[in-house]
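# Structural description and commentary
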Amino acid sequence: MPLSLAEVCHERLRELIEPSILPACYGGTFVPEDGDVSCDSMLVGFGTVPRSMYFSANMPISDDNETLTIARRSSAQIEVAITKRNCKLGWGFATEQYDIAFSILYKPAEQAGVRLHAGQMEEVVPSRRVDSHENFEEGSTICAKTGVYVLRFDNTYSWTKAKVVHYQTRVEEDVDNQEEAELGAAASTSTEAATP
């Protein structure tokens, strides 16, 4: 008589897993102390997933995080108005899966709310692809002039994948280091430059 599907599976599992640690309900010999051969007592119950486990890139959890989904072959622009010279604009972001291209651009205050192509704006932090699904990406730049600084998340290179981005921004008006303020467009980020 041929073996049932369950018996075939149990046999294969015993070949791959030591029978003494394989639960009896899967063809092994392991039975927990409570005698439950299905090992239900060893399963972790279902419930709410802790918020601290939401991000694979270890993004700091805070109420300041914003989330956006960027469709394939698309980009998103986050505008940050800077009303005083030499402010420090900081950012941090992580993607749930896959990389994303990121840059910071500048446009005059009169163009706030008007979506421009990247080539129509002044580049402050050059575009580069970032493995933000593996590491939390953060950085800052000194805003040498007033106007609108645009954080651009670029997914135009992806033909098939939408990207979910969790991000935060901050503006510090009092920059202690005047030498850094004079550099204006100098930017620092937490990872090395990647191929655009």
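Located above this text is the structure these notes cover.
So, here's what we can say about the structure. Because the structure is predicted, anything quoted here is derived from the model rather than measured.

A few words on the side chain of lysine 107. Topologically, lysine 107 is positioned in strand E4 (residues 100-107). Within the structure, lysine 107 has its side chain in polar contact with the side chain of glutamate 79 (distance 2.6 Å).

One pass over the full model with this rule turns up eight salt bridges. For arginine 129, the salt bridge is made with aspartate 99, and the minimal N-O distance between the two is 2.9 Å. In this pair, arginine 129 is assigned in strand E5 (residues 122-130) and aspartate 99 in the loop between strand E3 (87-95) and E4, connecting sequence segments 30 residues apart. Arginine 129 gets classed as partly exposed once you look at its relative accessible area, which sits at 32%. For aspartate 99, a relative accessible area of 14% translates into the label buried. Lysine 163 is paired through a salt bridge with aspartate 99; the nearest N and O atoms lie 3.8 Å apart. Note that lysine 163 is positioned in strand E8 (residues 163-172) and aspartate 99 in the loop between E3 and E4, a separation of 64 residues in sequence. Through salt bridges with shared partners, a single network forms among Asp99, Arg129 and Lys163.

About the criteria used
- Residues numbered from 1 in each chain as written.
- Predicted model: local features only at pLDDT ≥ 70, side-chain atom pairs only at ≥ 80, totals over all residues.
- Heavy atoms only, no water.
- Helix = DSSP H or I, 4+ residues; strand = E, 2+ residues; numbered from the N terminus.
- Polar contact = N/O pair within 3.5 Å; in protein donor to acceptor, adjacent residues only side chain to side chain.
- Salt bridge = Lys/Arg side-chain N within 4 Å of Asp/Glu carboxyl O.
- Buried < 20%, exposed > 50% of the residue type's maximum accessible area, 1.4 Å probe, protein only.

These figures capture arrangement, not role.
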